[in-house]
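Below are the chains, spelled out letter by letter.
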Amino acid sequence: MPDRKCSENEQNDCVMPVVRSANPIRARSLIRDNLEKQAGCLNLIHSRMPNIKVFSGTSHPDLAQRIVDRLGIDLGKVVTKKFSNLETCVEIGESVRGEDVYIVQSGSGEINDNLMELLIMINACKIASASRVTAVIPCFPYARQDKKDKLAGGEESAESKKLAKKNYDWKFRSRAPISAKLVANMLSVAGADHIITMDLHASQIQGFFDIPVDNLYAEPAVLKWIKENIPEWKNSIIVSPDAGGAKRVTSIADRLNVEFALIHKERKKANEVASMVLVGDVKDKIAILVDDMADTCGTIVHAADRLVEAGATKVYAILTHGIFSGPAISRINNACFEAVVVTNTIPQDGHMRDCPKIQCIDVSMMFAEAVRRTHNGESVSYLFSNVPY
């Protein structure tokens, strides 16, 4: 990485002047003072531009490798193993003293184990005297548990089904946890100095932290994919499968200069969608469903059926985080989608093998550029509206 250039005053201080003095003691004193100034200037440069190390957890090594390939560096050496009692053990295989450390770990797969592994890696680097530790978390774990007014575990949990069958009053939801805040506290206590993530389920999660959080957006990559892969995109309409995604779809629709629509879900009890009301005209248009994540895919499949009923010619779904748990893959295979497009914030190789409709957008270049800009002390706001090439 290039060193920071000294300002004009600093350069003047760092240059060794020619000392002319009739008094030899005075001359030696001036030389010593200037040497000390020069050393201080060099220390300032090196303290602001430490070396960089990128380590990968076990959740998404492919994304971490893509990031370091773009940065032109090697992936840091780390050994992760489990003891017979399933405790996680992490050993950092190289010195991180005074280094700018980035740890790539996504909230996917065995989420609890991966989260614990991330916390241990952060702490291991911190107590090994790393200058700064940044957690790169493409898909933030527990992001859906960001407030108290919903069922713990999500709408599709087995517990919510049991409670719905018993017809309990929904007031019990006031005792649900705010697990996203708990995860934020754990990351901070472990020693993280900075968080880089993408498309948080709720943007207010940034406020759960007392450290800087850079929330990148998949929107620029999504716009690029739409223009390159949907020939008739000018005759499209951007659709949100629920009211919560209205801001996201209006932003994309404005940048494409097309219309947008919303689908309003009405539930009489938990886990059962009583009706879906489409707000907007999709007749004879290509409908593009946009959402931040899809888990069991029940909502987007129902939304796709509703759009076809309303006269849409084709239906695409574009999702940032493709979790695809439970019956998701079979639902997509049986649905009327032309394609279901996701990013690689979560590993998608297995999902793409099982479902030919799933396509993947590579966002590693956005994370790599965010890491490079953070390391160099540059602004990352350029990435909010542009894809780095």
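Scroll up to find the structure this text is about.
This section reports on the structure supplied with the text.

Here is what the cut-offs are and how they apply
Residues numbered from 1 in each chain as written. Predicted model: local features only at pLDDT ≥ 70, side-chain atom pairs only at ≥ 80, totals over all residues. Heavy atoms only, no water. Phe/Tyr/Trp six-rings, centres within 6.5 Å; stacked < 30°, edge-to-face > 60°. Helix = DSSP H or I, 4+ residues; strand = E, 2+ residues; numbered from the N terminus. Buried < 20%, exposed > 50% of the residue type's maximum accessible area, 1.4 Å probe, protein only. Contact = heavy atoms within 4.5 Å. Salt bridge = Lys/Arg side-chain N within 4 Å of Asp/Glu carboxyl O. Arc of directions from axis to C-beta. Polar contact = N/O pair within 3.5 Å; in protein donor to acceptor, adjacent residues only side chain to side chain. Expected span 1.5 Å × (residues − 1). Pairing = 2+ DSSP bridges. Right-handed = clockwise from strand over helix to strand, strands pointing away. Core = buried A, V, L, I, M, F, W, Y, C linked by side-chain atoms within 4.5 Å. Axes fitted to C-alpha atoms, helices over the stretch in contact; angles between N-to-C directions. Disulfide = S-S within 2.5 Å.

**Side note on the packing of aromatic side chains**
1) Next: Under the counting rule described, the total for this entry stands at 3 aromatic pairs.
2) Next: Ring plane angle 80° and centroid distance 6.0 Å describe the contact between Phe-140 and Phe-209, whose orientation is recorded as edge-to-face. With Phe-140 in the loop between strand S5 (132-137) and helix H5 (158-165) and Phe-209 in the loop between strand S6 (194-198) and strand S7 (213-216), the pair connects residues that are 69 residues apart, well separated along the chain.
3) Next: For the ring pair Trp-225 and Tyr-316, a centre distance of 6.3 Å and an interplane angle of 70° mean the geometry is edge-to-face. Linking Trp-225 in helix H7 (residues 219-229) with Tyr-316 in strand S12 (residues 314-322), this pair joins segments that are 91 residues apart in sequence. Per residue, the accessibility class of Trp-225 equals that of Tyr-316, and both read buried.

**A word on the environment of Ser-56**
1) Next: With respect to the helices and strands, the residue Ser-56 is situated in strand S1 (residues 52-56).
2) Next: Along the primary structure Ser-56 and Val-136 are separated by 80 residues, whereas in three dimensions their C-alpha atoms are 9.5 Å apart.
3) Next: Ser-56 has contacts with Pro-61, Ala-64, Leu-75, Val-78, Val-104 and Met-121, leaving out every residue within four places of it along the chain.

**Quick look at the pattern of salt bridges**
1) Next: Within the structure shown, the criterion is met by 17 salt bridges.
2) Next: Its salt-bridge partner being Asp-146, residue Lys-147 comes within 3.6 Å of it at the nearest N-O pair.
3) Next: Taking the relative accessible area as the measure of exposure, Lys-147 reaches 37% and is therefore partly exposed.
4) Next: In this structure, the salt-bridge partner of Arg-255 is Glu-219, at a minimum N-O distance of 3.3 Å. With a gap of 36 residues between them, Arg-255 in helix H8 (residues 246-256) and Glu-219 in helix H7 connect regions that are remote in the sequence.
5) Next: Arg-255 gets classed as partly exposed once you look at its relative accessible area, which sits at 38%.
6) Next: Given the relative accessible area of 16%, Glu-219 is considered buried.

**A look at H8**
1) Next: Of the residues making up H8, those classed as buried are Val-249, Ile-252, Ala-253 and Leu-256. Seen along its axis, H8 keeps its buried residues to an arc of 100°; they face one direction. More than 90 degrees from the buried face of H8, the exposed residues found are Lys-247 and Asp-254.
2) Next: Phi for Asn-257, located one or two positions after H8, is positive at around 60°.

**Details of the side chain of Asn-114**
1) Next: With respect to the helices and strands, Asn-114 occurs in helix H4 (residues 111-127).
2) Next: When residues no more than four places from it in sequence are discounted, the contact partners of Asn-114 are Thr-58, Ser-59, Gln-105, Ser-106, Ser-108 and Gly-109.

**A closer look at the environment of Ser-95**
1) Next: Structurally, Ser-95 can be placed in the loop between strand S3 (88-92) and strand S4 (100-104).
2) Next: Looking at Ser-95, the relative accessible area reads 52%, which means it is exposed.
3) Next: Taking C-alpha positions, Ser-95 is 9.6 Å from Lys-77, a pair spaced 18 residues apart along the chain.
4) Next: A distance of 3.4 Å separates a polar atom in the side chain of Ser-95 from the backbone nitrogen of Arg-97.

**Quick notes on unusual backbone geometry**
Negative phi values dominate among residues other than glycine, just as trans dominates among peptide bonds.
1) Next: Positive phi is not limited to glycine here, since Asn-257 has a value of about 60°.
2) Next: Here Asn-257 lies in the loop between H8 and strand S9 (259-269).
3) Next: Even without being glycine, Phe-324 reaches a positive phi, approximately 55°.
4) Next: Residue Phe-324 is classed as buried on the basis of its relative accessible area of 6%.

**Some thoughts on helix H6 (residues 179-190)**
1) Next: For H6, spanning 12 residues, the distance from its first C-alpha to its last is 16 Å, which sits close to the expected 16 Å at 1.5 Å a residue.
2) Next: For H6, the complete set of buried residues consists of Ser-179, Ala-180, Val-183, Ala-184, Leu-187 and Ala-190. Seen along its axis, H6 keeps its buried residues to an arc of 150°; they face one direction. Relative to its buried face, H6 has exposed residues pointing more than 90 degrees away, namely Leu-182 and Val-189.

**Section: the pairing of strand S14 (residues 358-361)**
1) Next: When strand S13 (residues 339-343) meets S14, the two strands line up parallel, connected through 4 bridges. Along S14, the bridge assignment pairs Thr-343 with Ile-361.
2) Next: Handedness of the S13-helix H11 (residues 349-354)-S14 crossover: right-handed.

**A word on the nonpolar core**
1) Next: Counting residues in hydrophobic clusters, the biggest one holds 44 residues, and the most contacted among them are Trp-225, Ile-226, Ile-230, Ile-238, Leu-256, Ile-288 and Phe-367.
2) Next: Here this core gets 6 residues from one element, more than from any other, and that element is helix H12 (residues 364-376).
3) Next: Core analysis: the second largest hydrophobic core is formed by 31 residues, Phe-55, Ile-103, Ala-180 and Ile-205 among them.

**Concerning the sheet that holds S1**
Two pairing modes exist for strands in a sheet, parallel and antiparallel, and in both the strands are linked by backbone hydrogen bonds.
1) Next: With parallel pairing, the 5 strands of this open sheet are ordered in space as S1-S4-S5-S6-S7. Single-partner strands in this sheet number two, and they are S1 and S7. Going across the sheet, the axis of each strand differs from the next one's by a mean of 15°, ignoring polarity.
2) Next: Relative to S5, S4 runs parallel, the two sharing 5 bridges.

**A closer look at the state of the cysteines**
Simply put, disulfide is the name for a covalent bond between the sulfur atoms of two cysteines.
1) Next: Taken as a whole and judged by the stated rule, the model has 0 disulfides.
2) Next: Cys-355 carries a free sulfur, and the closest cysteine sulfur to it, the one in Cys-297, is 8.9 Å from it.
3) Next: Overall, Cys-355 belongs to the buried group, its relative accessible area being 0%.

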